[in-house]
Amino acid sequence: MSDLRTLYQEVILDHSKRPRNFRLPADSNRQAEGFNPLCGDRITLYLKLDGDRITDLAFQGSGCAISTASASLLTETLRGKTTAEAEELFGKFHDLVTGKAKGTDSLGKLAVFSGVSEFPIRVKCATLAWHTLKSALEGGEKPVSTE
Amino acid sequence: MGTATTASHDVGHRPRRPFDVQRVREDFPILKQEVHGKPLVYLDNAATTQKPRQVIEAEQQFYLHDNSNIHRGVHELSERATQAYEDGREKVRRFLNARESREIIFVRGTTEAINLVAQTFGRERVGAGDEIVISAMEHHSNIVPWQILCQEKGARLRVAPINDRGELIWEEFLKLLGARTRLVAVTHVSNVLGTVNPVKAIVDAAHRLDIPVLLDGAQAAPHQPVDVQALDCDFYAFSGHKVYGPTGVGVLYGKAKLLEAMPPYQGGGDMISSVTFEKTTYNTLPYKFEAGTPNVAGVVGLGAAIDYVSEIGLERIAAYEQELLQDAIRKLEKVPGLTMIGAARQKAAVISFVLEGLHPHDVGTVLDQEGVAVRTGHHCAQPLMDRFQVPATTRASFALYNTHQEVDALVAGLHKVREVLG
Ligand SMILES: Cc1ncc(COP(=O)(O)O)c(C=O)c1O
């Protein structure tokens, strides 16, 4: 039970039920699709890049609580960040959910995903939005897949 | 003399023993364990079933005492191994009530059985403009081999639609059968909905137009008696691991006349009767389709699994599983926000459902923490998910060792799901 509570923290449940920035923006200039064939999670991430800076993010799609909350928190966290900062955060986030790093200091709200490391098969759910982000930043046309 | 009469009398009029599930469970050592501190409740039987001690021991005995390659050596062990392998074939013949044991081809599983038919029978019989008819409730392994074939040949895959209950729409199915139809390939029982298709009627309808029929029996063979002669199907496929047998072994049944006319599947040892560099003469059935060293121990295990279910009786197994199914449906109907997908009037003990506002993946994770193993996802049937407009479902599938208490554990687990996920 305690494991479940650390996985499904209030913040995660809140963001999965009321995802932020869940919309089709009018003026995005980058987008990418992500797909997790294992559970059928599918998201489209929209970015507005102003030079090096991400000025707006939004997403659409359907997925499990973990992947939806992760996408939602990603859009909140990265607004105003540079692409380099975003990639650095992805690295830290990845280390957190795979259990490679315990420290959550620089992760802010993203720290709520620390429980994922106890559920290895859910790592793909937690990182889907981030892989999609990477693809959008690289200007990829191909949908990214977790497989 | 007197004893003999009594004995045969006993066999003929054996009173129907009540189904003793606790005794059955004793045969499955794996069930006696805790998962996350809770007793394991294994409800993922449509994916694979657990193996009784009898199957595990049969394989072990084979490796401890009889292991050898088959059909090759003149020595004692090869003799024994060959005998064990061919005994397995005879057991499968009886299990399916096939006319002859040479109609039983050993393959890796249902998937390979279907691919074999597509790549041999299909390649020879299907041409440009021809059609293959499947249904909307097929497993990917009864879709993709036909797609590959159709693409190669310029043929067309026609899909018979289903209604909201998850049943084949009969008139629509009939409309698809025509002069260009070269094969009907449908599932006997759906792995997602549990729907039992009217396979006898399907075969009869197709045969009236001289169209052969392949039945995907992966989900049927474990749960009900199958009689390929009564069905009169042309091909029947099933997997050992779903009938309490080992992984890596399965069966293709084919009518001898069809199999004989078909080109071989793979080339190699055992499938030939003579080879020169100019010409190879293919072996007779069933060996023509069994190139290379087969899964001998697997066949031994499968034979033991067939003995096991036959000893209990598939009719009794079916009756018991129907009891579990009805109990589960009754109890799941009362779970708030739960919708079952598939309400076929003929249904095997497979239940797919969705919980309002919750994703099956999360449901599966919470259930797992409660010791309840279910499958979540698209169950290798994405077109079927699209038909019901859900990205995924949670699926509970039952086997002969499941209990009413385990149905209750599933329901309690679902209440826990609400508690955790809201
Ligand atoms: C209806 C159906 N057909 C085919 C298969 C494929 O069986 P296998 O993976 O053993 O080849 C399955 C297994 O999930 C199934 O349920």
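Parameters and conventions
- Sequence order as written defines residue numbering, which begins from 1 separately in each chain.
- The order in which chains are written sets their letters, starting at A; the order in which ligands are written sets their numbers, starting at 1.
- Note on the predicted model: pLDDT of at least 70 is required for a residue's local features to be given, and 80 or more for side-chain atom pairs to be given and counted; whole-chain, interface and lining totals, by contrast, use all residues.
- Processing note: side-chain calculations cover all non-hydrogen atoms of the structure and skip hydrogens and water entirely.
- If a single non-hydrogen atom of a residue is within 4 Å of a molecule or strand, that residue counts as near it.
- Any pair of N or O atoms that falls within 3.5 Å is considered a polar contact. Within protein, one atom must be able to donate a hydrogen and the other to accept it, and sequence-neighbouring residues count only if both atoms are side-chain atoms.
- Three residue categories are used. Nonpolar comprises Ala, Val, Leu, Ile, Met, Phe, Trp, Tyr, Cys and Pro, charged comprises Asp, Glu, Lys and Arg, and polar comprises the others, including Gly.
- Salt bridge, as applied in this entry: a Lys or Arg side-chain nitrogen positioned within 4 Å of an Asp or Glu carboxyl oxygen.
- When a residue's accessible area, from a 1.4 Å probe over protein chains only, is under 20% of the maximum for its type it is buried; when over 50% it is exposed; and in between it is partly exposed.
- Every residue pair with non-hydrogen atoms within 4.5 Å of one another is taken to be in contact.
- Here the buried area means the combined drop in accessible surface, using a 1.4 Å probe, for two parts upon being joined, counting both sides.
- Each helix is a run of H or I in the DSSP string that is no shorter than four residues. Each strand is a run of E no shorter than two, and both are numbered from the N terminus.
- In this document the domain limits rely on a domain assignment from an automatic tool or a database.

(A) The site of the ligand, seen in detail. Residues and elements named next belong to chain B. The immediate surroundings of the ligand are formed by 13 residues, with Thr111, Asp216, Gln219, Ser239 and Lys242 found nearest. Ser239 is positioned such that a nitrogen or oxygen atom in its side chain is 2.7 Å from an oxygen atom of the ligand. Contacts to the ligand include Lys242, whose side-chain N or O atom sits 2.6 Å from an oxygen atom. Its residues assigned to classes, the shell around the ligand shows one nonpolar, 10 polar and two charged.

(B) Structural context of the pattern of salt bridges. Residue and element names in this part refer to chain B. This model, assessed by the stated rule, comprises 38 salt bridges over all chains. With a shortest N-O distance of 3.5 Å, Glu26 and Lys32 are connected by a salt bridge. With a relative accessible area of 59%, Lys32 lands in the exposed category. Here Arg102 makes a salt bridge to Glu100, at a shortest N to O gap of 2.6 Å. Taken together, the shared-partner salt bridges in this structure form one network comprising Asp327, Arg330, Lys331 and Asp408.

(C) Representation of the interface of chain B and chain A within the structure. The partner chain A presents 22 residues to the 16 residues of chain B that form the contact. Summing the contributions of chain B and of chain A, the shared interface buries around 1400 Å²; its carbon and sulfur component is 57%. The salt bridge partner of A:Arg122 is B:Asp362, with a shortest N-O separation of 2.8 Å. Taken together, the connections running from chain B to chain A amount to nine residue pairs in polar contact (both at pLDDT 80 or more). Going through the elements one at a time, helix H13 (360-369) and helix H15 (404-421) of chain B are the ones with two or more residues in the side of chain B that touches chain A. Split into classes, the residues belonging to the side of chain B that touches chain A amount to five nonpolar, eight polar and three charged.

(D) Highlighting the domain arrangement of chain B. All names here are of chain B. Here chain B is described as being made up of domain 1 (16-45 + 313-421) and domain 2 (57-311). A separation of 28 Å is found between the C-alpha centroids of domain 1 and domain 2. Counting residues at the interface gives 35 residues for domain 1, matched by 31 residues for domain 2. Taking both sides of the interface into account, the surface hidden between domain 1 and domain 2 amounts to around 2800 Å²; carbon and sulfur atoms contribute 56%. In terms of surface lost to domain 2, no three residues of domain 1 exceed Leu314, Leu384 and Arg387, which account for 22% of the buried area on that side. Put simply, domain 1 and domain 2 have two salt bridges between them. Among the salt bridges present, the one from Glu167 reaches Arg345, with a minimum N-O distance of 2.5 Å. At the junction of domain 1 with domain 2, the criterion picks out 20 residue pairs in polar contact (both at pLDDT 80 or more). Elements with a contribution of two residues or more to the side of domain 1 that touches domain 2: helix H12 (314-333), strand S14 (350-355) and helix H14 (382-387). When grouped by side-chain class, the residues that make up the side of domain 1 that touches domain 2 number 20 nonpolar, seven polar and eight charged.

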